[in-house]
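Coordinate inspection notes
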Amino acid sequence: MIFPKGEVRHQNLMTAYTELSALLSTLELENFSGTIELEFPENSGILFIDSGKIINAETRSRDDSKRIIGQEAIQTLLALSKQKDGVLNVYQLSPERVAILASNLQHEILFKGLSTDFTRLDRLLLKLKEEKHNGFIEILTKENQAMGILFLEDGEPAEMFTTSGSGQSVFGRKSIPTFVENAIKQGAIFNVYRSQGKTSREVATVPREREGQKDLILILQEILSRAEKLVDDLSRQKGTFLKAFKKSLIEKSEEFNFLDPFAGDFDYREGTLRFT
């Protein structure tokens, strides 16, 4: 896939003096969304970050003989970043655009090298709409120069970016009809891909759901901690609350299996709540 360039945050950072883990920690504090591109003599890769969290990654060998995505790619890039001959570039994008890119990393090609000389792009888009297609279309000039990518979700245009002469990417859903019309007039080559991963809506939802779950656990932990102090103080005996609490877990475990204290999924002790 041709990856867009967002707004430049940092450029040409050498791994000889830039620690990727420290950079990621800073970006997390800033609630950053965007990409980190890494270039090494034999490999390259890109990390996709949504609201400070890495949600996907891709690595490629220089000759394109090997491509890795997902968790393995993340670990590979973290390991490569310790080498001294790499370069980092950081680009800022909206969370929605990061989610769209990340959701399309796992894909398969349906049609390659279609030409507007023989294929009506507008009719192809209608067919993909009918099929509720999830994926993207790479659009290139007849000289195989990148023009842009059109992303589809359930057959509908979700986002598009085009490349400019300066290398900066230009986004805009509103300009999709005009872009398609110009591509047909000028003549173009396009490749059609089907996404095999989650949609951007699902990708964007996962980290937010996890953050919401963390917040809920912290709130419940605070409630239990205060209740424990109150009950133990009133009874003047440490452990009174914990004994009653575990008894109530056993009573409710038939209805909610995760509350079974012997399973260890839900555990509260010494003011800390753990839920897996």
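Below is a summary of the structure that appears in this document. Predicted, not measured: the structure shown is a model, and the values here were computed from it.

So, about the nonpolar core. With 19 residues, the main nonpolar core has Leu-20, Leu-23, Leu-27, Ile-36, Leu-38 and Leu-47 as its most contacted residues. Of all elements in the fold, only α1 (20-29), β2 (34-39), β3 (43-50), α2 (71-80) and β6 (87-92) reach the threshold of two or more residues within this core. With 18 residues, the next largest nonpolar core counts Leu-114, Leu-125, Ile-139 and Met-160 among its residues.

What follows is about the sheet that holds strand β12 (residues 189-195). As a general point, the strands of a sheet are linked pairwise by backbone hydrogen bonds and lie either parallel or antiparallel. Read from one edge to the other, the open sheet built from six strands follows the order β7-β12-β8-β9-β10-β11, with strand pairing classed as antiparallel. Two strands close off the open sheet at either side, each with one partner strand: β7 (107-115) and β11 (169-171). Strand-to-strand twist across the sheet, computed as the mean angle between neighbouring axes with direction ignored, equals 20°. Alignment of strand β9 (residues 146-153) against strand β10 (residues 156-163), held across six bridges, turns out to be antiparallel. Among the inter-strand pairings, Gly-148 is bridged to a residue of β10, identified as Thr-162. Contacts from helix α4 (residues 121-130) reach β7, β8 (135-140), β9, β10 and β12 within the one sheet, and its direction differs from that of β12 by about 5°. Along the sheet, helix α5 (residues 176-186) makes contact with β8, β9 and β10, crossing β9 at roughly 130°.

Time to look at a nonpolar patch on the surface. On the surface, a nonpolar cluster with roughly 270 Å² of combined accessible area is contributed by Ile-219, Leu-220 and Ile-223. Considering the arrangement of structural elements, one finds Leu-220 in helix α6 (residues 200-235). By relative accessible area, which is 34% here, Leu-220 ends up partly exposed.

When we look at burial in α4, the residues that qualify are Leu-121, Leu-124, Leu-125 and Leu-128. Taken down its axis, α4 places every buried residue within 100° of arc, on the same side. Of the residues in α4, the exposed ones pointing more than 90 degrees away from the buried face are Arg-123, Leu-126 and Glu-130. Considering only its buried residues, α4 is in contact with β7, β8, β9, α5 and β12.

Moving on: the sheet that holds β6. With respect to topology, six strands assemble into an open sheet ordered β1-β6-β2-β3-β4-β5, the strand pairing being antiparallel. Where the open sheet ends on each side, the last strands, each with one partner, are β1 (7-14) and β5 (67-69). Going from strand to strand, the sheet's axes swing by 10° on average, the running direction of each strand aside. As judged from the five bridges shared by β1 and β6, these two strands associate in the antiparallel manner. Note on β6: the bridge partner recorded for Glu-7 is Gln-92. Relative to β2, α1 is tilted by about 170°, and along the sheet it contacts β1, β2, β3, β4 (53-61) and β6. Strands in contact with helix α3 (residues 95-103) are β2, β3 and β4; relative to β3, the strand with the most contacts, it is inclined by about 135°.

Criteria and cut-off values
Residues numbered from 1 in each chain as written. Predicted model: local features only at pLDDT ≥ 70, side-chain atom pairs only at ≥ 80, totals over all residues. Heavy atoms only, no water. Core = buried A, V, L, I, M, F, W, Y, C linked by side-chain atoms within 4.5 Å. Buried < 20%, exposed > 50% of the residue type's maximum accessible area, 1.4 Å probe, protein only. Helix = DSSP H or I, 4+ residues; strand = E, 2+ residues; numbered from the N terminus. Pairing = 2+ DSSP bridges. Axes fitted to C-alpha atoms, helices over the stretch in contact; angles between N-to-C directions. Contact = heavy atoms within 4.5 Å. Patch = residues over 30% accessible without salt bridge, like charges linked within 9 Å, V, L, I, M, F, W, Y side chains within 5 Å. Areas by Shrake-Rupley, 256 points an atom, 1.4 Å probe, with all protein chains shown as cover. Salt bridge = Lys/Arg side-chain N within 4 Å of Asp/Glu carboxyl O. Arc of directions from axis to C-beta.

Don't take any of this as a statement about function, it's just geometry.
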